[in-house]
Amino acid sequence: MGKQGLFAFAVIFWAMQSSPALSEGDPMAGQAAFRLCAACHMIGDGAINRAGPHLDDLMGRPVGGLSDYRYSDTLTEAGNEGELWTEDRLNSFLEDPQGYYRGTRMVFRGISDPNTRADLVAYIVAEADNYDRAATATSTGDMPPEIAAILAIQGDYAYGEYLSSECTACHATQSGGDIPSIVGLAPSTFVHSLISYKIGQREHQVMTMIANRLGDEEIAALAAYFTTVE
Amino acid sequence: MPLDRRQFLGSTAAFSATLSTPMLARAQTAPNVVVIGGGAGGATAARYIANGSQGGINVTLVEPTRSYFTCFFSNLYLGGFREIDSLGHSYGTLAADYGINVVHDWAVDVDRQAKTITLAGGASLSYDRLVLSPGIDFIEDSVPGWSLATQNAMPHAYKAGSQTELLKAQLANMREGGVFAMVAPPNPYRCPPGPYERVSMVAHMLKETNPTAKILIVDPKESFSKQGLFEDGWERHYTGMIERIGPDFGATNVSVDPAAMTVSIDGNVEQVDVCNVIPAQRAGRIAHLAGVTDGNWAPVSAYNLASRIDENVHVLGDAAAQGDMPKSGFSANSQAKVCANSIVADLAGGRAFPARFANTCWSLIDTNDGIKVGATYEATDEKIAKIDGFVSQVDEDAATREATYRESLGWYDAITEDMFGTA
Ligand SMILES: Cc1cc2nc3c(=O)[nH]c(=O)nc-3n(C[C@H](O)[C@H](O)[C@H](O)COP(=O)(O)OP(=O)(O)OC[C@H]3O[C@@H](n4cnc5c(N)ncnc54)[C@H](O)[C@@H]3O)c2cc1C
């Protein structure tokens, strides 16, 4: 390869490494975009796992790396392979979550606009590092009362197993297409997910309809059942 | 997976009393459930009864075909979005992992007095409970000129498999600029959006291979499922290609001549190149032979899908007259779980839980342009009654339509796992 070729190669390589837009992300603008994420993810002071894992100290963390959160196999495997969260990886993941980590439980179609994505990544990077560590250690994440009430119920396992048959018409054991696997979820994750549809924090025609029909007893029963299934 | 037999055995004490009986002794004295039809309703019911009773009930599944081809997604095969092999499912896991006695034969008679069924091969099986999920058969002469004897000239492709492959081959070989005609069925029939998803998929295929071809729908119904959504999609993707003739223009008076390849609409004879006749439908023949039908369909209780004529016979899926649910694979699967819970409670002492039903039907209009309709249902004395529902909107953005399509792929994987178990 001649000098010129080498130079061209280096430029292309550099362009692939960090898209220029990424470094120009505006965290303030990213805060607005984070509202989409906030239905499932907490970040900053007092963040705990909800439907999705908390995002504090995300940068440099192994993918699928929180020991108290149950990830899809695909994220766990990526972490085992040594993949870490970097700005670039987060950027690529957020562009097309299912395309980047096929089988992820994150139901989010992605953000195609590179500028919005750059702003969001900048916000996450800034907030993930900027929180009160002492307070967060003992946080209960300001658990919404609807969720606390359900978690206080002793779920009826057999009833949960019966009810689960309504879920398994669409949720396969292994995630396929855009429908995530829901087996083995921690009860708090499971309950938070259903409640987020019931209160309109997340919207989905099927899930909103299904969640609206489930009372507290039903949700507690389902959570008790699904957490035991491998 | 949620209903893995081995794991269930290890993880719950609910059935410990039953489990303490030695397996062999139990198998001899255990009640017998025979399921006729290994489709969306029957395969699901067999699996849930076997799993829920953990060997406390002997389950026999009678199904003539060794490989079940799903009607769902068979239109996507016509459109080139699926391979035919991806629609075929075998019964091996139900036999091996769930202990179901899978018998590949036709049931040809039911003696409800003696509680026995006769198989085409001559054998007889006795039952304590019988579950019928035979799907549909066609009403003879509902489209004059068409019969099963001429189904190769004018395929129905409304039971999936060789008929679907035949229709696809005919479309692929159609002359340039030819006419594909569909004679659509009157209500009620299986999969209300099915004919219109098919038109979309055929249009997608022809647009690529034979763009001057035309599609003619001859439809005896005033309106059809997701009509606004389909017509909007046809306008956007297949402008000028599709024409629909409704009852106002004589579509209630249709006959065909398969030898001449003509369709007569209120006396006007149209020459066509490929013709898909979807006749009027009724419950699969075995339901009529069993004497549990009233008219074309088998009336059932909404609480457990028990026949209103014989409480020891349950009828699921397309064959049942149950109320508000559409005749879909999703509905049959949903009904099967309610039926299975009730049978396990009655025969093996499991807990009975209240009936609840749901349905969602996805359809594909063109690449990444998916739509859906769905509802929840409850049991009432009179029927399965709709509670709440939704349908896609005409003005949705492209990303929503793509997400809807991708969701349907996830659903297909899940429902086939729910029917046949994971291998
Ligand atoms: C083109 C098309 C597209 C569709 N798309 C969808 C969709 O997207 N989503 C959806 O939910 N539904 C869809 N459906 C509808 C769905 O296929 C049916 O509603 C569903 O299969 C009904 O289940 P079932 O158990 O009643 O009957 P089937 O699934 O038809 O099963 C009946 C079984 O019984 C067997 N059988 C019949 N008679 C006997 C006998 N005497 N002895 C032994 N066995 C017997 C048959 O061999 C068959 O395997 C579609 C249908 C069509 C035609």
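## Concerning the site of the ligand
Residues and elements named next belong to chain B. Neighbouring residues of the ligand: 34 residues in total, closest Glu-63, Tyr-68, Ser-133, Arg-190 and Asp-318. The backbone of Gly-41 places a nitrogen or oxygen atom 2.8 Å from an oxygen atom of the ligand. The side chain of Glu-63 places a nitrogen or oxygen atom 2.6 Å from an oxygen atom of the ligand. In the complex, 93% of the free accessible area of the ligand, which totals 990 Å², lies under the protein chains. Among the elements of the structure, helix 4 (40-53), helix 5 (74-79) and helix 11 (329-348) are those that each provide at least two residues to the shell around the ligand. When residues of the shell around the ligand are assigned to their parent elements, the largest contribution, three residues, is made by helix 11. Each of domain 1 (22-138 + 282-420) and domain 2 (148-279) contributes no fewer than three residues to the shell around the ligand.

## Notes on the domain arrangement of chain B
Residues and elements named next belong to chain B. In terms of domain boundaries, chain B breaks down into domain 1 (22-138 + 282-420) and domain 2 (148-279). Placing a centre on the C-alpha atoms of domain 1 and another on those of domain 2 gives a separation of 28 Å. Considering only the surface of domain 1 that becomes buried against domain 2, Leu-78, Phe-138 and Ile-365 emerge as the three largest contributors, covering 25% of it. Along the contact surface separating domain 1 from domain 2 lie three salt bridges. Arg-236 serves as the salt-bridge partner of Asp-369, at 3.0 Å between the closest nitrogen and oxygen. Counting every contact that joins domain 1 to domain 2 gives 17 residue pairs in polar contact (both at pLDDT 80 or more). Of the residues assigned to the side of domain 1 that touches domain 2, the class counts are 19 nonpolar, 10 polar and seven charged.

## Describing the sheet that holds strand 20 (residues 313-315) of chain B
Residue and element names in this part refer to chain B. Read from one edge of the open sheet, five strands run 5-2-1-9-20, paired in parallel fashion. Each edge of the open sheet is held by one strand with a lone partner, namely strand 5 (101-103) and strand 20. Strand after strand, the sheet turns through a mean of 20 degrees between neighbouring axes, direction not considered. One ladder, built from three bridges, connects strand 9 (residues 129-132) with strand 20; its direction is parallel. The residue of strand 20 that forms the bridge with Leu-130 is Val-313. Taken strand by strand, helix 4 contacts strand 1 (32-36), strand 2 (58-62) and strand 9, and its axis lies near 165 degrees from that of strand 2. On the sheet, helix 11 packs against strand 1, strand 9 and strand 20 and is oriented at approximately 175 degrees with respect to strand 9.

## A word on the interface of chain A and chain B
In this assembly, 35 residues from chain A lie in contact with 48 residues from chain B. Taken together, both faces of the contact between chain A and chain B bury some 3,300 Å²; the carbon and sulfur share is 56%. In this structure, the connection of chain A to chain B is made through two salt bridges. The partner of Glu166(A) in a salt bridge is Arg356(B), and the shortest N-O contact between them spans 3.1 Å. Across the contact surface, chain A and chain B share 13 residue pairs in polar contact (both at pLDDT 80 or more). Within the residue set of the side of chain A that touches chain B, elements represented by two or more residues are helix 10 (157-167), helix 12 (205-213) and helix 13 (216-226) of chain A. Here the side of chain A that touches chain B is composed, by residue class, of 17 nonpolar, 10 polar and eight charged.

## Considering the pattern of salt bridges
All names here are of chain B. Summed over all chains, the structure comprises 23 salt bridges over all chains. Close ionic contact of Glu-407 with Lys-372 constitutes a salt bridge, the shortest N to O distance being 2.7 Å. In this pair, Glu-407 sits in helix 12 (residues 398-420) while Lys-372 sits in strand 23 (residues 369-379), placing the two residues 35 residues apart along the sequence. The residues Glu-407 and Lys-372 share a single accessibility class, namely buried.

## Quick notes on the domain arrangement of chain A
Residue and element names in this part refer to chain A. Domain annotation of chain A identifies domain 1 (16-138) and domain 2 (145-226). A C-alpha centroid distance of 24 Å is found between domain 1 and domain 2. Carbon and sulfur atoms make up 51% of the area that domain 1 and domain 2 hide from each other, which totals about 1,300 Å². Ranking the residues of domain 1 by area buried against domain 2 places Ala-39, Arg-105 and Val-107 at the top, with a combined share of 38%. In this assembly, domain 1 and domain 2 are joined by zero salt bridges. Where domain 1 touches domain 2, the interface holds five residue pairs in polar contact (both at pLDDT 80 or more). Partitioning the side of domain 1 that touches domain 2 into residue classes produces six nonpolar, three polar and five charged.

## Considering the sheet that holds strand 12 (residues 214-218) of chain B
Residues and elements named next belong to chain B. Read across the open sheet, the four strands follow the order 13-12-11-17; overall the sheet is parallel. Either end of the sheet is taken by a strand with one partner, and the two such strands are strand 13 (242-245) and strand 17 (274-277). Each strand of the sheet is rotated relative to its neighbour by a mean of 15 degrees, with strand direction disregarded. Here five bridges tie strand 11 (residues 179-183) to strand 12, and the two strands are oriented parallel to one another. Paired with Phe-180 across the two strands is Ile-215, which belongs to strand 12. Strands strand 11 and strand 17 of the sheet are contacted by helix 7 (residues 162-172), whose axis makes an angle of about 155 degrees with strand 17. Each of strand 11, strand 12, strand 13 and strand 17 is contacted by helix 8 (residues 194-209), which is oriented at about 170 degrees to strand 12, the strand it contacts most.

## Here we look at empty space enclosed by the protein
Taken as a whole and assessed by the stated rule, the structure comprises five cavities of 30 Å³ or more. By volume, the largest cavity is sized at about 110 Å³. Around the largest cavity sit 13 residues that line it, and Ser165(A), Glu166(A), Ser334(B), Lys337(B) and Arg356(B) are the ones nearest its centre. At the level of secondary structure, the elements contributing two or more residues to the lining of the largest cavity comprise helix 10 of chain A together with helix 11 and strand 22 (357-366) of chain B. If you tally residues by element for the lining of the largest cavity, the top one is helix 11 of chain B, at five residues. In terms of residue class, the lining of the largest cavity is made up of seven nonpolar, three polar and three charged.

How each quantity is defined
Residues numbered from 1 in each chain as written. Chains lettered and ligands numbered in written order. Predicted model: local features only at pLDDT ≥ 70, side-chain atom pairs only at ≥ 80, totals over all residues. Heavy atoms only, no water. Near = heavy atom within 4 Å. Polar contact = N/O pair within 3.5 Å; in protein donor to acceptor, adjacent residues only side chain to side chain. Areas by Shrake-Rupley, 256 points an atom, 1.4 Å probe, with all protein chains shown as cover. Helix = DSSP H or I, 4+ residues; strand = E, 2+ residues; numbered from the N terminus. Domains from an automatic or database assignment. Buried area = accessible area lost by both parts, 1.4 Å probe. Salt bridge = Lys/Arg side-chain N within 4 Å of Asp/Glu carboxyl O. Nonpolar A, V, L, I, M, F, W, Y, C, P; charged D, E, K, R; others polar. Pairing = 2+ DSSP bridges. Axes fitted to C-alpha atoms, helices over the stretch in contact; angles between N-to-C directions. Contact = heavy atoms within 4.5 Å. Buried < 20%, exposed > 50% of the residue type's maximum accessible area, 1.4 Å probe, protein only. 1 Å grid on protein atoms, 1.4 Å probe; cavity = no way out; pocket = protein on both sides within 12 Å on 5 of 7 lines; lining within 4 Å. Points joined across faces, edges and corners; volume = space filled by probe spheres on them.

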